[in-house]
Every structure is written in C-alpha cells, then in structure tokens.
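So you can see what is in the structure, the chains are spelled out below.
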Amino acid sequence: MNTRGRAAEGGLHMIPFRGLRYVPERVGSLAAVTSPPYDVVVRPDGLHHLESADPHNIVRLILPQAGSPAARHELAAETLDRWLAEGVLAPDPEPALYIYEQRRGDTLQRGIIGALALSAPDEGIVLPHEDVMPHVVADRAALMRSTAANLEPLLLTYRSDGAATGATAVIERIIHERALLVTTTEDGFSHRLWAVTDPADLAEIATDLARHQALIADGHHRWATYLRLRDERPAPGPWNYGLVLLIDTARYPLQVRAIHRLLNRLPVADALAKVEGLFRVRDIDGPLPHALEALAAAAAEGNAFLLAGDGRFHLLDRPDADLLARTVPAGRPHAWQQLDATVLHAALLENVWRIPDSPEDITYIHDTEAAVTQAERRGGTAVLMHPVREDVVRDLARQGVTMPRKSTSFGPKPATGLVLRSLSIN
C-alpha cells in the first residue's frame with residue numbers, strides 16, 4: 001500500500017499494530033516501569049529516580065546513559081533486544097488499536113493509540129504548531145534507527161462535532177469491557193488500556209478519522225523524526241507510520257501549560273540589569289503559587305515573564321514598544337508577533353541577553369518548581385512562562401504558522417511504557 005498516497009487523499013489514516021507491552025510477571029509493577037515522555041523527565045534527578053524504580057524502567061530505552069550518542073543508541077537497541085529475548089516485553093498476539101484512559105480527580109482523558117500514516121505539513125492532515133531543534137531530531141532519529149521501534153506515542157488532537165458516534169462510540173463501548181492493564185502511577189493518574197480488534201469497530205474508527213485533521217499537541221520533534229526516517233526509505237512499509245495517541249478535544253479537552261526556560265549561564269542579577277528601561281520590573285512576594293498568580297494577571301494585559309533563581313521572584317511586563325518594533329520579525333500574523341515565546345526569543349534572548357539557543361545555554365523544563373530549583377542550584381535564571389490559549393495555537397497552525405519551539409505543553413501526556421511499537425514485528 002502506498003501510505004503517502006493514502007494520507008494525501010485527506011484525513012487521518014490509522015492502522016492497528018501488534019503492541020509491545022511489559023509482561024506483568026517479569027517486572028515489579030507496571031507503574032514502576034513507566035516514565036513521562038523523554039523531554040519531560042527532569043535530569044539528572046528524575047532520570048536517576050526512574051532508573052532506580054525498576055531495572056526495566058522504560059527510561060533505559062528512551063534516555064539510555066552511555067559515554068557518547070552512538071553508545072547510548074547502541075545500548076538502547078541491545079536493551080530492547082534483551083528484554084524481548086527474556087520475555088520482559090512481548091508483542092500482543094494480533095494487531096490492534098488501543099483505547100487509552102487517564103484519570104485523576106476531575107481530569108479524564110480517553111483516546112486511541114495506533115500507527116498513523118505520516119504526512120508532511122503542507123498536506124494539511126497533521127498540523128504542527130511549533131518549530132523544532134535539529135539536534136534533537138537527529139538524536140531521536142538515531143535512537144529510532146538503532147531500536148527500529150517507536151518507544152512512546154505522540155499526543156495529537158482533533159475536534160469532532162461532540163456526538164457519540166464513530167471513534168467516540170467505539171471508545172464508549174470498549175471501556176465497559178475488561179481492560180488489558182490497569183495501573184496508577186506516582187503522579188496520581190490511573191491508566192487503563194483496551195485492545196480493539198473487531199473488524200467492525202476498526203472500520204467504524206477508520207471511517208470517522210478519515211474526515212478529520214489533527215494538531216500535534218506534544219511530540220513535534222518525534223513527528224519530524226518520523227518524517228525524516230520515512231524519507232530515508234522510499235518504499236512503502238512500517239516506517240511510513242508513526243505511533244500516536246489521538247484525542248478528540250471536543251469530548252476530552254486538554255490542558256495547556258507553559259514550558260519554562262532555564263538560562264544556565266545567566267545569573268538573575270545580570271538578567272535584571274540588562275532589561276532595565278526595556279521592561280517594567282517588579283519584585284513579587286512568594287511563595288511560587290502567589291508569584292504565578294501575579295504572572296497570570298500581568299499576562300492578561302500583555303507580554304509578561306517571571307524570573308527566578310536568586311531566592312526571589314521578579315516580574316517583567318510592559319515591554320518597550322521600540323524594542324518590540326526593532327526585534328520582533330514582521331510579516332507574520334499579529335497573534336504570532338504577540339506571543340510571549342516570540343517576544344522572549346526575538347527580543348530578550350537574541351537581542352537583550354544575547355543567549356544562543358543551545359543545550360548548554362538553555363534548558364527547557366515543563367515543571368515550574370523544578371525550573372526554579374534548578375536555577376537556584378546552578379546560579380542561573382529561570383524564565384517562567386504563562387500558557388498560550390489552545391484556540392490561538394490551533395488558529396496559527398491552520399494558517400501554517402509555527403510558534404517558537406517549546407511554546408506549549410499540552411496534557412495530560414500519555415505515560416511512556418504502556419505500549420510500544422516495533423517496526424520489525426508484523
């Protein structure tokens with residue numbers, strides 16, 4: 001089958017696959033072998049915690065530790081092969097789509113995990129909304145080549161009309177059946193997984209999804225990696241698909257959070273000295289939740305950032321109009337020009353602080369407390385961001401306009417380790 005041609009017909013094309021899953025009898029617990037997505041793990045503390053939780057924790061595949069990139073990728077491949085040989089991981093007996101549920105308190109999310117036919121952004125089927133960093137794509141591509149596996153699903157969203165038909169109807173039937181697995185991770189989320197193998201159910205899902213386009217909520221680098229690896233293999237086959245979790249946000253709205261920046265080599269005092277006269281600067285009393293409330297109030301009026309790392313909080317808002325005029329690129333939609341991430345990168349990082357967007361200089365951290373703690377530990381500056389509204393993200397994506405990388409964090413994110421996809425197992 002020519003999967004590129006199928007995707008180009010318009011609409012989402014998701015197929016079943018034989019999921020690789022942990023064998024419960026071979027691990028301490030399913031919760032102990034899961035991990036957040038690779039780019040959410042706080043290193044080194046979170047990495048060490050996960051490695052010690054269970055010797056088979058999935059972090060040993062998604063973030064292997066060795067002396068060089070080549071050695072890391074080789075180690076991941078060897079580890080995956082060993083776990084398969086030892087029966088720690090095993091493929092399901094037949095191809096399936098998987099219904100996945102996450103629940104914590106009032107938060108409930110359900111979606112479908114499957115192998116999605118890949119499509120380029122200009123086909124208008126899967127819409128990115130953020131730029132990517134080439135070195136991250138290169139690293140993820142090398143890992144996927146070595147392991148010949150999709151180790152964790154991307155998070156994609158689409159919007160139905162809200163009716164309980166099509167894929168939604170299948171989901172709401174299946175959840176009353178016995179789940180393949182049930183576990184609760186240490187973040188308090190319960191997880192359930194079901195396999196969909198009935199041909200009628202699969203056909204109902206396929207017909208419904210073919211009418212929709214999707215937004216990449218989380219996983220831009222992995223989607224770019226999928227496309228790179230597909231283009232290396234012109235013949236149709238398993239590399240023309242990528243593992244995704246697809247959520248209908250008309251039924252299950254996602255939460256949108258910010259991704260914060262840790263400026264490793266810029267002390268807070270230096271950061272503040274360089275913005276004098278370019279932003280209004282105010283000291284904000286703690287604790288952190290109170291400071292974030294002040295950030296939210298300021299962000300409602302315009303661009304605002306909260307700096308931390310010296311034991312205090314400093315609110316930057318009301319940027320100088322001349323600064324924005326000479327630094328923010330023209331020729332983009334007004335909504336893009338007003339994004340906090342745009343102003344941060346174009347005005348502050350590139351022109352005021354003159355910090356290159358390299359891993360040595362900037363660390364991207366999802367967890368707010370972790371960003372502050374790491375800044376204090378390293379003597380750097382945490383730049384805490386306010387989230388972008390989902391409707392702004394979707395509108396820009398539909399215009400083909402990408403936001404600065406790491407602008408948003410949609411969630412809850414799927415736990416990594418519940419189901420993997422091998423590219424060598426049919």
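Residues numbered from 1 in each chain as written. Predicted model: local features only at pLDDT ≥ 70, side-chain atom pairs only at ≥ 80, totals over all residues. Heavy atoms only, no water.

## Quick look at the side chain of T249
Heads up, the rule is: Per the convention used, a helix needs a DSSP run of H or I reaching at least four residues, while a strand needs a run of E reaching at least two, with both numbered from the N terminus. Here a residue-residue contact requires only that any non-hydrogen atoms of the pair lie within 4.5 Å.
Mapped onto the elements of the fold, T249 is located in the loop between β12 (241-248) and β13 (255-257). Among all residues touching T249, those that are not within four sequence positions of it are T157, Y158, R159, L254, E390 and R394.

## Quick word on the packing of aromatic side chains
Formally: A pair of aromatic rings is counted whenever rings of Phe, Tyr or Trp (Trp by its six-membered ring) have centres within 6.5 Å, and the orientation is called stacked for planes under 30 degrees apart, edge-to-face for over 60 and tilted otherwise. Three labels apply to residues, based on accessible area from a 1.4 Å probe with only protein chains included: buried if under 20% of the type maximum, exposed if over 50%, partly exposed otherwise in between. A ring is scored as having a charge over it whenever the NZ atom of a lysine or the CZ atom of an arginine sits within 6 Å of its centre and within 35 degrees of its normal.
Tallied over the entire structure, the rule returns four aromatic pairs. Relative to F305, the ring of F279 lies with its centre 6.2 Å away and its plane at 65°, an arrangement referred to as edge-to-face. Here F279, found in the loop between α9 (268-275) and β15 (280-284), pairs with F305, found in strand β16 (residues 304-308); they are 26 residues apart in sequence, far enough to count as distant. Summarising the burial analysis for this pair, F279 and F305 share the class buried. Over the ring of Y38 we find R140, and its NZ or CZ is 4.1 Å from the ring centre. The ring centre of W239 lies 3.9 Å from the NZ or CZ of R233, which sits over that ring.

## Some details on helix α13 (residues 340-352)
In plain terms, the rule: One less than the number of residues in a helix, times 1.5 Å, gives the span that helix is expected to have.
Between its first and last C-alpha atoms α13 spans 15 Å; for 13 residues at 1.5 Å apiece the expected length is 18 Å, and the helix comes up short by more than 12%. Judged by how many residues are buried, α13 sits mostly within the fold: eleven of 13 residues are covered.

## Looking at the confidence of the model for the protein chain
Put simply, the test is: Confidence scores labelled pLDDT are given residue by residue by the predictor and lie between 0 and 100.
Averaged over the protein chain, the pLDDT score is 92; the fraction of residues at 70 or greater is 97%. Across residues 1-8, where pLDDT falls below 50, the model places 21 contacts with residues more than four positions away in sequence or in other chains.

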